[in-house]
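# Architecture and fold: a report
Listed below, chain by chain, are the residues.
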Amino acid sequence: MTIRECYELMGSDFDGVLRRLGNEAIISRIAVKFLNDPSFGDLKSALSDGRTEDAFRAAHTLKGVCVNLGFDRLYECSSELTELLRAGRTDGADELLETVEHHYGITADALTRFRDGT
């Protein structure tokens, strides 16, 4: 699988990322590092424990990483969750987390397949 195919699999605009970051080798090297980013796990843990402020920080970090790497679908839903938590609200957070988790799974699966060459 190519890095372009990886981005297509996750529903992201590879050409936009390529214009921003310059070349496929850089994108390939940086994108797979996402698999080691703790933001998603931190978000789930903080929400589970009722730590809204920590959940906000984790969601905000996840959103930032996604926008920088061009993970469009994961960015959109993590952004929505970030704004809910920024307001100190948790009503609807469970549903938004489900959406984030769904798109995180798609993103992580595509990146793992790219990294592993499958």
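Here the structure is a predicted model, which is why all the values come from computation and not from measurement. (Residues numbered from 1 in each chain as written. Predicted model: local features only at pLDDT ≥ 70, side-chain atom pairs only at ≥ 80, totals over all residues. Heavy atoms only, no water.)

## So, helix H4 (residues 39-48)
Of all the positions in H4, only Ser 39, Phe 40, Leu 43, Ala 46 and Leu 47 are classed as buried. The buried residues of H4 occupy an angular sector of 130° when the element is viewed end-on, so they sit on one face. The inward-facing, buried residues of H4 contact helix H5 (52-69), helix H6 (72-86) and helix H7 (93-116). After H4 finishes, the residue Gly 50 shows a positive phi value of roughly 75°. (Buried < 20%, exposed > 50% of the residue type's maximum accessible area, 1.4 Å probe, protein only. Helix = DSSP H or I, 4+ residues; strand = E, 2+ residues; numbered from the N terminus. Arc of directions from axis to C-beta. Contact = heavy atoms within 4.5 Å.)

## Notes on the pattern of salt bridges
Applying the stated criterion across every chain, the model contains nine salt bridges. One salt bridge in this structure joins Arg 89 and Asp 91, with 2.9 Å as the shortest N-O distance. A residue is classified by how much of its surface remains accessible, and Asp 91, at 47% relative accessible area, is partly exposed. Residues participating in the shared-partner salt-bridge network are Asp 49, Arg 51, Glu 53, Asp 54 and Arg 57. (Salt bridge = Lys/Arg side-chain N within 4 Å of Asp/Glu carboxyl O.)

## Side note on the nonpolar core
With 37 residues, the main nonpolar core has Tyr 7, Phe 34, Leu 43, Phe 71, Leu 74 and Leu 81 as its most contacted residues. Elements with a contribution of two residues or more to this core: helix H1 (3-9), helix H2 (14-21), helix H3 (24-31), H4, H5, H6 and H7. Of the residues forming this core, the biggest block, nine residues, is contributed by H7. Excluding its chain neighbours within four sequence positions, the residues that come into contact with Phe 71 are Tyr 7, Met 10, Ser 12, Ala 31, Phe 34, Cys 66, Thr 107 and Leu 111. (Core = buried A, V, L, I, M, F, W, Y, C linked by side-chain atoms within 4.5 Å.)

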